[in-house]
Amino acid sequence: MTDSNAPDTAAPGARTADAPEAYDHVVVGGGMTADAAVTAIHEAAPDATVLVVSDDVDEPYTRPALSKKLWIDPDYSEADNDLGTREASGAEIRLRTRVTGIDRAARTLTTDDGRTVSWGRLLLATGGSPTRLDLPDDDRVVHFRTAADYRRLRSLSGGGRHVVVVGGSYIGTELAAALVQNDTRVTLVTPDDVLGGSVFPAEIATRFQAAFEEAGVALVRGRRVERGTASDTGLRLELDDGSALDADAVAVGLGIAPSTELAEAAGLEVEDGIVVDASLRTSDPDVFAAGDVASYPDRILGRRRVEHVDNAKEQGAVVGRVMAGSTEQYGHTPYYYSRVFDISYEAVGTLDASLETIVDDEGDGAAVAYYLADGAVAGVLLWNVEGARDAARAVLAEGADLSRDGLVGRI
Ligand SMILES: Cc1cc2nc3c(=O)[nH]c(=O)nc-3n(C[C@H](O)[C@H](O)[C@H](O)COP(=O)(O)OP(=O)(O)OC[C@H]3O[C@@H](n4cnc5c(N)ncnc54)[C@H](O)[C@@H]3O)c2cc1C
């Protein structure tokens, strides 16, 4: 089947004397959203020509494993972590290449190697870039996001070396857990008074923190890193109380800012992310956005941007089919998961400990927490509870119709 919905373009990468290379579909970014999208395009329109332009040095891989499975499963390697996008999709993947501009009128984009590429339909799957601290530009400082960052942190850790992890949200806590289980001395700096305290209800945060203390992670709580210096022997971090920490390496996990610059410069609507409709189309009908960078209307939770892998995979698949001509809409409400030590948690919706919470302790270390906002359930945390995501979605969909008393025992 050819992709009858894509505008006419020439053969893959075809170029006449002065014409740019031309593809039916071009994807900017080579993450998990891109992988799912090009695989879906290939399934729906096997003859369509597809180019992925990625500034990463690796072809698409499973990002969550960079802070978990690759550290704790000795049988799982980086080769296993490769998504095999090229084989599954037949897409051309151009690595180490950054898209520098989009010309919507001409239906072209330019890349930092000076090339111009024309597209029939364009997907912006640019994800986000990690929040950076005021730290020296030094190989021993890793603002953790990519597989290359994973390889670097591996080379900087182990052998009893001391790594300071900055950030107490899921990336920081996963990295601290991974490192301490790999012969590394770990200090974790978090602004929270209790680790996880800004996300989890107090009784759950206390258990979460205890798992790190028992594993030997040194916690520096209620503190922020302000700046740092580098010397031949190591790094020194200065904290906001005037104290200092010395380290062999520093891993920073402080969240991301969505990479919306290209969309903004191209005149597309951008708020917290690139604004798309339920078909994942931007304000230009031939330009789409999905994954971490997209602000989309969630069927249950309302407009939001989600930085989680379930969303990247599901939106990627839908946007690929829509680009290839489907009229479907994105109706999935994504969940999020994390694993540290023997704790496994999942969540749907908003987790914010400043909201009122109702905790249903199920015993044996399992619990369900409901986060209430404006009289409705805004988020559900499943703590060591499996197979309950749909039940959590159902609770969220009922919204304000649920009475508080009806929540305990609901999942
Ligand atoms: C260490 C880690 C662990 C995680 N663990 C979990 C987890 O346990 N559970 C969970 O739900 N989620 C997890 N996540 C989040 C999840 O991995 C992301 O939500 C998902 O991978 C986002 O995919 P994406 O393709 O939308 O964006 P990204 O993965 O950010 O990919 C976008 C790509 O586009 C590239 N790019 C950007 N601009 C340009 C440009 N102009 N030209 C070319 N390329 C460009 C970027 O460099 C990047 O390679 C984790 C994330 C990290 C970093």
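Residues numbered from 1 in each chain as written. Predicted model: local features only at pLDDT ≥ 70, side-chain atom pairs only at ≥ 80, totals over all residues. Heavy atoms only, no water.

### Side note on the domain arrangement of the protein chain
Logical step 1: The domains assigned to the protein chain are domain 1 (21-129 + 256-323), domain 2 (132-252) and domain 3 (342-406).
Logical step 2: With 11 residues of domain 2 at the interface, the matching set in domain 3 holds 14 residues.
Logical step 3: Both sides together, the interface formed by domain 2 and domain 3 hides about 1000 Å², and carbon and sulfur atoms give 68% of it.
Logical step 4: In this structure, the connection of domain 2 to domain 3 is made through 1 salt bridge. (Domains from an automatic or database assignment. Contact = heavy atoms within 4.5 Å. Buried area = accessible area lost by both parts, 1.4 Å probe. Salt bridge = Lys/Arg side-chain N within 4 Å of Asp/Glu carboxyl O.)

### What about the side chain of Ser295?
Logical step 1: Locating Ser295 in the fold gives a position in strand E19 (residues 294-298).
Logical step 2: With relative accessibility at 4%, the residue Ser295 sits in the buried group.
Logical step 3: In this view, Ser295 contacts Gly273, Ile274, Val275, Val276, Arg303, Arg304 and Arg305; residues no more than four positions away in its chain are not counted. (Helix = DSSP H or I, 4+ residues; strand = E, 2+ residues; numbered from the N terminus. Buried < 20%, exposed > 50% of the residue type's maximum accessible area, 1.4 Å probe, protein only.)

### Some remarks on the environment of Glu203
Logical step 1: Here Glu203 lies in helix H7 (residues 202-215).
Logical step 2: Measuring from C-alpha to C-alpha, the distance between Glu203 and Asp361 comes to 9.7 Å, with 158 residues separating the pair along the chain.

### Regarding the packing of helix H1 (residues 32-44) against helix H9 (residues 309-323)
Logical step 1: Packing of H1 against H9 leaves a shortest axis separation of 7 Å and a crossing angle of 35°. Crossing of H1 against H9: the hand is right-handed. Between H1 and H9, the residues in contact are Met32, Thr33, Ala36, Ala37, Ala40 and Ile41 and Val309, Ala312, Lys313, Gly316, Ala317, Val319, Gly320, Arg321 and Met323, respectively. (Axes fitted to C-alpha atoms, helices over the stretch in contact; angles between N-to-C directions. Left-handed = near helix turned anticlockwise from the far one by under 90°.)

### Description of the pairing of strand E1 (residues 21-28)
Logical step 1: The buried count for E1 comes to 8 of 8 residues, which makes it a mostly enclosed element.
Logical step 2: In the sheet, E1 pairs with strand E2 (residues 50-53) via 4 bridges, with the strands oriented parallel. Residue pairing for E2: Val28 is matched across the bridge by Val53.
Logical step 3: Following the chain from E1 across H1 to the adjacent parallel E2, one finds a crossover that is right-handed. (Pairing = 2+ DSSP bridges. Right-handed = clockwise from strand over helix to strand, strands pointing away.)

### Focus: the nonpolar core
Logical step 1: Membership of the largest hydrophobic core comes to 46 residues, with the highest contact counts inside it found for Val26, Ile102, Leu109, Leu122, Leu123, Leu124 and Val319.
Logical step 2: Residue contacts for Leu122: discarding those within four places in its chain leaves Val26, Val28, Ile102, Leu109, Asp286, Val287, Phe288 and Met323.
Logical step 3: Core analysis: the second largest hydrophobic core is formed by 45 residues, Tyr61, Leu66, Leu156 and Leu179 among them. (Core = buried A, V, L, I, M, F, W, Y, C linked by side-chain atoms within 4.5 Å.)

### Points about the site of the ligand
Logical step 1: Every one of the 34 residues lining the ligand counts as a neighbour, but Thr33, Asp55, Arg63, Lys68 and Asp292 are closest to it.
Logical step 2: Gly128 has a polar backbone atom sitting 3.5 Å from an oxygen atom of the ligand.
Logical step 3: Here His308 contributes a backbone N or O atom positioned 3.2 Å from an oxygen atom of the ligand.
Logical step 4: For the ligand, whose accessible area on its own is 1000 Å², the fraction buried by protein is 96%.
Logical step 5: Elements with a minimum of two residues in the shell around the ligand: H1, helix H6 (170-180), H9 and strand E21 (336-340).
Logical step 6: Residues of the shell around the ligand, tallied by class, amount to 14 nonpolar, 12 polar and 8 charged. (Near = heavy atom within 4 Å. Polar contact = N/O pair within 3.5 Å; in protein donor to acceptor, adjacent residues only side chain to side chain. Areas by Shrake-Rupley, 256 points an atom, 1.4 Å probe, with all protein chains shown as cover. Nonpolar A, V, L, I, M, F, W, Y, C, P; charged D, E, K, R; others polar.)

### A look at the environment of Ser118
Logical step 1: Inspection of the secondary structure puts Ser118 in strand E6 (residues 116-124).
Logical step 2: Judged by its relative accessible area of 13%, Ser118 is buried.
Logical step 3: Sequence spacing of Ser118 and Pro20 is 98 residues, and the spatial spacing of their C-alpha atoms is 6.0 Å.
Logical step 4: Not counting residues within four places of it along the chain, the set of residues in contact with Ser118 comprises Pro20, Glu21, Ala22, Tyr23, Val26, Arg107 and Thr108.

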